[in-house]
Amino acid sequence: MIEKIRKTEEEWKEILTPEQFRVMRQHGTEAPFVCSWRKDEDGTYQCAACGLPLFRHEDKFDSGTGWPSYFEPIAPDHVEYFEDTSGGMTREEVRCARCGSHLGHVFEDAPPREPGGPPQKRYCINSIALKFVPETDEGPGDGE
Ligand SMILES: [Zn+2]
């Protein structure tokens with residue numbers, strides 16, 4: 001089990017940028033194609049609010065949607081799912097399991113990972129909700 005972090009909205013405002021606060025704490029969506037870290041190096045994507053490792057570089061793929069897309073989280077219990085019925089659609093919302101920050105949504109429309117393989121989930125995540133940490137900078141047990 002992931003130990004929860006709880007902070008007041010005022011405390012989050014001090015930690016996050018205004019845009020991060022809007023997306024992560026007020027369930028906003030960033031504009032597409034703003035992602036600043038289109039990196040091709042190995043590393044881990046952490047929650048920008050609390051540092052919990054959420055996604056691996058090897059699970060990232062280019063969905064063409066303008067938001068970073070991943071096949072699966074780094075560990076099943078590092079994210080939580082909620083039904084989101086806003087905007088007249090029913091979508092599955094993904095939040096950080098530790099701090100409850102909104103990350104994005106999960107869809108069932110990813111291409112198979114191998115030819116002929118089963119359809120995959122697509123974790124469509126706001127880039128601003130993630131912090132990229134290159135493999136080389138990560139010490140043992142860091143971020144936990
Ligand atoms: Zn978090």
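Small disclaimer: the values here were computed from a predicted structure and weren't measured.

**Some words on the overall build of the protein chain**
Right, on to step 1. Counting its secondary structure elements, the protein chain contains two helices and nine strands.
Right, on to step 2. Ordered by position from N to C terminus, the α and β elements of the protein chain give α-α-β-β-β-β-β-β-β-β-β.
Right, on to step 3. Expected size for 144 residues packed as a compact globule is a radius of gyration near 15 Å; at 15 Å, the protein chain falls within 12% of this value.
Right, on to step 4. With the C-alpha coordinates aligned to their principal axes, the bounding extent of the protein chain is approximately 50 × 45 × 30 Å.

**So, helix H2 (residues 18-25)**
The periodicity of an α-helix, 3.6 residues per turn, causes residues three or four places apart in sequence to face the same way.
Right, on to step 1. For H2, every residue scored as buried is listed here: Gln20, Val23 and Met24. Angularly, the buried residues of H2 cover 85 degrees about the axis, an arc narrow enough to put them on a single face.
Right, on to step 2. Note on H2: the residue one or two positions beyond its end, His27, has a positive phi of about 60 degrees.

**Things to note about the sheet that holds strand S2 (residues 53-56)**
Right, on to step 1. Ordered by their spatial adjacency, three strands build an open sheet running S2-S1-S9, and the pairing between neighbours is antiparallel. Taken across any chain shown, the strands that pair with only one partner, and hence form the sheet edges, are S2 and strand S9 (130-134). Within the sheet, the average angular offset between the axes of one strand and its neighbour, ignoring direction, is 35 degrees.
Right, on to step 2. Taken together, the three bridges between strand S1 (residues 43-47) and S2 define a ladder with antiparallel strand orientation. The residue bridging Gln46 from the neighbouring strand is Pro53, located in S2.

**Observations regarding unusual backbone geometry**
Right, on to step 1. Of note in this structure, His27 is not a glycine but carries a positive phi near 60 degrees.
Right, on to step 2. With respect to the secondary-structure elements, His27 resides in the loop between H2 and S1.
Right, on to step 3. In this structure, Phe33 takes a positive phi of about 60 degrees despite not being glycine.
Right, on to step 4. By secondary structure assignment, the location of Phe33 is in the loop between H2 and S1.

**Things to note about the sheet that holds strand S8 (residues 120-125)**
Backbone-to-backbone hydrogen bonds join strands into a sheet, with any given pair of strands oriented parallel or antiparallel.
Right, on to step 1. Taking strand neighbours across the sheet as the criterion, the six strands line up as S3-S4-S8-S7-S6-S5 in an open arrangement whose pairing is antiparallel. Each edge of the open sheet is held by one strand with a lone partner, namely strand S3 (60-61) and strand S5 (79-84).
Right, on to step 2. In the sheet, strand S7 (residues 102-110) pairs with S8 via five bridges, with the strands oriented antiparallel. Bridge pairing in S8 links His105 to Cys124.

Rules used throughout
Residues numbered from 1 in each chain as written. Predicted model: local features only at pLDDT ≥ 70, side-chain atom pairs only at ≥ 80, totals over all residues. Helix = DSSP H or I, 4+ residues; strand = E, 2+ residues; numbered from the N terminus. Rg over C-alpha atoms; globule rule 2.2 N^0.38 Å. Buried ≥ 20, exposed ≤ 12 C-beta atoms within 10 Å, placed from the backbone. Arc of directions from axis to C-beta. Pairing = 2+ DSSP bridges. Axes fitted to C-alpha atoms, helices over the stretch in contact; angles between N-to-C directions.

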